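Structural characterization, general
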Amino acid sequence: MSGARRSANSEAMSENRSLWRYANPAEFMRVSGVILPWAAGAALVLLLGGAAWGLFFVPPDYRQGETVRIMYVHVPAAMMAINIYFIMAVASAVGLIRRHHVSFLVAKAAAPIGAGLTLAAIVTGAIWGQPTWGTWWVWDPKLTSILIMLFFYLGYIGLWAAVDDPEKAADLSGVLCLTGVVFAFLSRYAVEIFGDQTLHQPASLSLDAETNVADVFYWPLLVTIAGFYAFFIALVLLRARTEIRLRRARALKLRRAAMETA
Amino acid sequence: MRAAWALLRRDVALSLRIGGGGAMGVAFFAMVALLTPLGLGEETDALARVAGGVIFTAALLACLLSLDRLFQADWEDGALDLLALGPLPLEAVAGVKALAHWLTTGLPLIAAAPALALMLDLPAAAFWPLMTALAVGTPGLSLIGAVGAALTVGVRRGGLLLSLLVLPLYLPTLVLGARAVSRAAVGLDAVAPLALLGAVTLLSLVAGPLAAAAALRVNMR
């Protein structure tokens, strides 16, 4: 965006608003415009590379056979399902405490991505579970808690959609997200703590575990996880930028309408 | 303190006079619980096994359905603005309103639960754990519900949205309460889930009024 256009825009926006608030989106647009192509490029390379590695250059597992390859979608998606909600909670907290408006928009932009990846984790898990466990779905603690996550995302998206005033919607959904993150953790542990029987294997990888998945499976998995993160960052920035542009367009339209009627 | 007492008396009186108060909630509670044996048909053995979970689920739904009027009537006629200007902080208003909701919804449910437990063939060993779980868990339902009610107070026909927001927040209470009952039914220790249920309710006591007041402030500006 050229300097002249930007200043024209911010002039249009700053009418009866404090400058500080709209200084922030402008800065966000500048920084995110620089990051976006890099994140998108990294996502493309890592996802394609990781998928090719996982699909063609990893031996089939000695018990799961070829179905093990679904891990390269399932594990990153399940990881993101939980992490994105946490990211949204942090963004909402920043938004509520510092009155940082872009922060709310990032949380709003992240929610559908989180919901989509949660759904992806559930669907890929079911596709994997059918040949391996012999069932599409079990009410197992891990499966239940990921399904619960989906409803937390849907509630958050629903609240944004239901409140007309975008300022109010931002604050209310921020309050919901912060309350939700507490109860999402609680329900996760509530279903896991007395989970007598579990079909789901323990976490495929964690930093403090002694045994992770075997190295041949491990490295391509790290690549696809990095790819999912890059993909998420690119998509969040893109969606947040679109939202900011939409609001600018709306503000300009309102201004023009006001000038015409005056 | 006097303001809180006055608000509590006002809210309890209002909900007792309008719409039958707790009676409607109890009727709904009983109806949902009695749908289960009808749905299950001849499987009477299964009934005893699911009784605790069914009663808890029914209590949760009965609580949920009476939430939408928690703040809405006061918000519409402006009473909430007066309350916000009054001597009580908004957090306390939300807390007192949640307490009034529990007195007119949760308490009647607990009173009706023994009859339902009997009709649903709940094992005798699970009876007291069920009553304890309801007594410990239902205040949490009202407190968490206050958050959802405050968030959706400005939304027209927010009932469905309210359910979508509040039900996920109710899950820890449901899971722990139902688990306490099902463990007691097979002779396992029910103290641990009950203690955790108490922890969830105490957490709701802190988080509920805070979040509800924050949401009300946003809606009133």
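The written sequence of each chain sets the order in which its residues are numbered from 1. Following the order in which they are written, the chains are lettered starting with A and the ligands numbered starting with 1. Where local features are concerned, this predicted model is filtered to residues with pLDDT of at least 70; where side-chain atom pairs are given and counted, the filter is 80 or more; whole-chain, interface and lining totals use all residues. For side-chain calculations, the full set of non-hydrogen atoms in the structure is used, while hydrogens and water are omitted.

Considerations on the overall build of chain B
Helix numbering and strand numbering both begin at the N terminus, where a helix is a DSSP run of H or I of at least 4 residues and a strand a DSSP run of E of at least 2. Assigned secondary structure in chain B consists of nine helices and zero strands. Of the regular secondary structure in chain B, the N- to C-terminal order runs α-α-α-α-α-α-α-α-α. Within these notes, the globule rule equals 2.2 Å times the number of residues to the 0.38 power, and the radius of gyration is based on C-alpha atoms. Taking 17 Å as the expected radius of gyration for a compact globule of 221 residues, we find that chain B reaches 18 Å, a close match to that expectation. Judged by the C-alpha coordinates and their principal axes, chain B covers about 55 × 30 × 30 Å.

Considerations on the packing of helix 6 (residues 166-193) of chain A against helix 7 (residues 127-151) of chain B
Lines fitted to C-alpha atoms define the axes, with helix axes restricted to the stretch in contact, and inter-axis angles between N-to-C directions lie between 0 and 180 degrees. Contact geometry for helix 6 of chain A and helix 7 of chain B: axes closest at 10 Å, N-to-C directions at 160°. Taken together, the axis directions place helix 6 of chain A and helix 7 of chain B in an arrangement best described as roughly antiparallel. For the crossing formed where helix 6 of chain A meets helix 7 of chain B, the hand is left-handed. Residues L172, V175, L176, T179 and F183 of chain A of helix 6 of chain A form the contact with helix 7 of chain B, whose participating residues are I144, V147 and L151 of chain B. Orientation categories follow fixed angle ranges, with anything under 35 degrees roughly parallel, anything over 145 roughly antiparallel, 65 to 115 roughly perpendicular, and all other angles oblique. Each crossing is labelled by how the near helix is turned from the far one, with a counterclockwise turn of less than a right angle marking it left-handed and a clockwise turn marking it right-handed. Residue contacts are defined here by distance: any two heavy atoms, one from each residue, within 4.5 Å place the two residues in contact.

Overview of the pattern of salt bridges
Residue and element names in this part refer to chain B. Each salt bridge in this description consists of a side-chain nitrogen of Lys or Arg and a carboxyl oxygen of Asp or Glu lying within 4 Å of one another. One pass over the full model with this rule turns up 10 salt bridges over all chains. When the shortest N-O distance is used, the salt bridge between R69 and E76 registers 4.0 Å. For the salt bridge of R217 with E91, the shortest nitrogen-to-oxygen distance reads 3.3 Å. Residue R217 is located in helix 9 (residues 191-220), and its partner E91 is located in helix 6 (residues 90-119); the two are separated by 126 residues in the primary sequence. Any residue under 20% of the maximum accessible area for its type is buried, any over 50% is exposed, and the rest in between are partly exposed; the area is computed with a 1.4 Å probe on protein chains only. Its relative accessible area of 42% is what places R217 among the partly exposed residues. Given a relative accessible area of 23%, E91 falls into the partly exposed group. Counted as one network, the salt bridges with shared partners bring together R10, D11, D74 and K97.

Regarding the packing of aromatic side chains
The aromatic pairing rule takes the rings of Phe, Tyr and Trp, using the six-membered ring of Trp, and pairs them if the centres are within 6.5 Å, calling planes under 30 degrees apart stacked, those over 60 edge-to-face and the rest tilted. In this structure the tally under the stated criterion is four aromatic pairs over all chains. Ring geometry for W137 of chain A and W139 of chain A: centres 5.5 Å apart, planes at 80°, overall edge-to-face. For W137 of chain A, a relative accessible area of 26% translates into the label partly exposed. Under the relative-accessibility criterion, W139 of chain A is labelled exposed at 61%. With centroids separated by 5.1 Å and ring planes inclined at 75°, the aromatic side chains of F127 of chain B and W128 of chain B adopt a geometry described as edge-to-face. F127 of chain B sits in the partly exposed class, given a relative accessible area of 22%. A residue is classified by how much of its surface remains accessible, and W128 of chain B, at 61% relative accessible area, is exposed. Aromatic rings pair up to connect Y85, F152 and Y153 of chain A into one cluster.

A few points about the side chain of T138 of chain B
All names here are of chain B. Positionally, T138 belongs in helix 7. Judged by relative accessible area, which is 1%, T138 ranks as buried. Engagement of the side chain of T138 in a polar contact is seen with the side chain of W102, the distance being 2.9 Å. As used in this structure description, the phrase polar contact means that two N or O atoms lie within 3.5 Å; if the pair is within protein, one of them must be able to donate a hydrogen and the other to accept it, and residues adjacent in sequence are counted only when both atoms belong to side chains.

Examining the UniProt feature "transmembrane region" (unreviewed entry) in chain B
Residue and element names in this part refer to chain B. UniProt positions are given in the numbering used here, feature names are shortened, and annotations may be inferred rather than shown by experiment. Feature annotation in UniProt assigns "transmembrane region" (unreviewed entry) to the following positions: residues 12-34, 46-67, 99-120, 126-153, 160-182 and 194-216. A helix fraction of 89% and a strand fraction of 0% characterise residues 126-153, whose end C-alpha atoms lie 38 Å from each other. Spanning residues 194-216, this segment combines 100% helix with 0% strand, and its end C-alpha atoms are found 32 Å apart.

Re the confidence of the model for chain B
The quantity known as pLDDT measures the predictor's confidence residue by residue, on a range of 0 to 100. Residues at a pLDDT of 70 or more form 99% of chain B, whose mean pLDDT is 88. Confidence estimates for the predicted assembly give a pTM of 0.86 and an ipTM of 0.88.

Structural notes on the nonpolar core
Residues grouped as a nonpolar core are buried Ala, Val, Leu, Ile, Met, Phe, Trp, Tyr and Cys residues, joined through side-chain atoms within 4.5 Å. Grouped together as the largest cluster of nonpolar side chains are 132 residues, with contacts concentrated most on I84 and M88 of chain A together with F29, F71, L151 and Y170 of chain B. Aside from chain neighbours lying at most four places away, what touches L151 of chain B is L159, L172, V175 and L176 of chain A together with L165, A215 and N219 of chain B.

Notes on the interface of chain A and chain B
Contact with chain A, which involves 28 residues of that partner, is made by 27 residues of chain B. Reported buried area values correspond to the accessible surface (1.4 Å probe) lost by two parts on association, with both partners' losses combined. With both chains or domains summed, chain A and chain B bury close to 2300 Å², and 82% of this area falls on carbon and sulfur atoms. Here R221 of chain B and D171 of chain A are joined by a salt bridge, their closest N and O atoms 2.8 Å apart. Connecting chain A to chain B are two residue pairs in polar contact (both at pLDDT 80 or more). The element contributing the most residues to the side of chain A that touches chain B is helix 6 of chain A, with 15 residues. Residue polarity follows a fixed list, in which Ala, Val, Leu, Ile, Met, Phe, Trp, Tyr, Cys and Pro are nonpolar, Asp, Glu, Lys and Arg are charged, and the others, Gly among them, are polar. In the side of chain A that touches chain B, the residues fall into 17 nonpolar, six polar and five charged.

As for a nonpolar patch on the surface
Residues and elements named next belong to chain A. Only residues whose relative accessible area exceeds 30% and that take part in no salt bridge are eligible for patches, with like-charged residues grouped when within 9 Å of each other and nonpolar side chains (Val, Leu, Ile, Met, Phe, Trp, Tyr) grouped when within 5 Å. Accessible surface area values rest on a Shrake-Rupley calculation with a 1.4 Å probe, where residue burial reflects the displayed protein chains alone. Where nonpolar side chains cluster on the molecular surface, the patch consists of V31, V34, I35, W38 and I233 and spans about 500 Å² of accessible area. At four residues, helix 2 (residues 19-56) tops the list of elements feeding residues into the nonpolar patch. Turning to its location among the elements, V31 is positioned in helix 2. What makes V31 partly exposed here is its relative accessible area of 34%.

Section: the confidence of the model for chain A
Mean pLDDT over chain A works out to 82, with 82% of the residues at or above the 70 mark. In the predicted structure, residues 1-19 of chain A sits below a pLDDT of 50 and forms 16 contacts with residues beyond four places in sequence or in another chain.

Description of the UniProt feature "transmembrane region" (unreviewed entry) in chain A
All names here are of chain A. Following the UniProt record, the feature "transmembrane region" (unreviewed entry) maps to residues 35-58, 70-97, 109-131, 143-163, 170-191 and 217-238 here. In residues 70-97, the share of helix is 96% and the share of strand is 0%. The end C-alpha atoms are 41 Å apart. Its end C-alpha atoms 35 Å apart, residues 109-131 is made of 100% helix and 0% strand.

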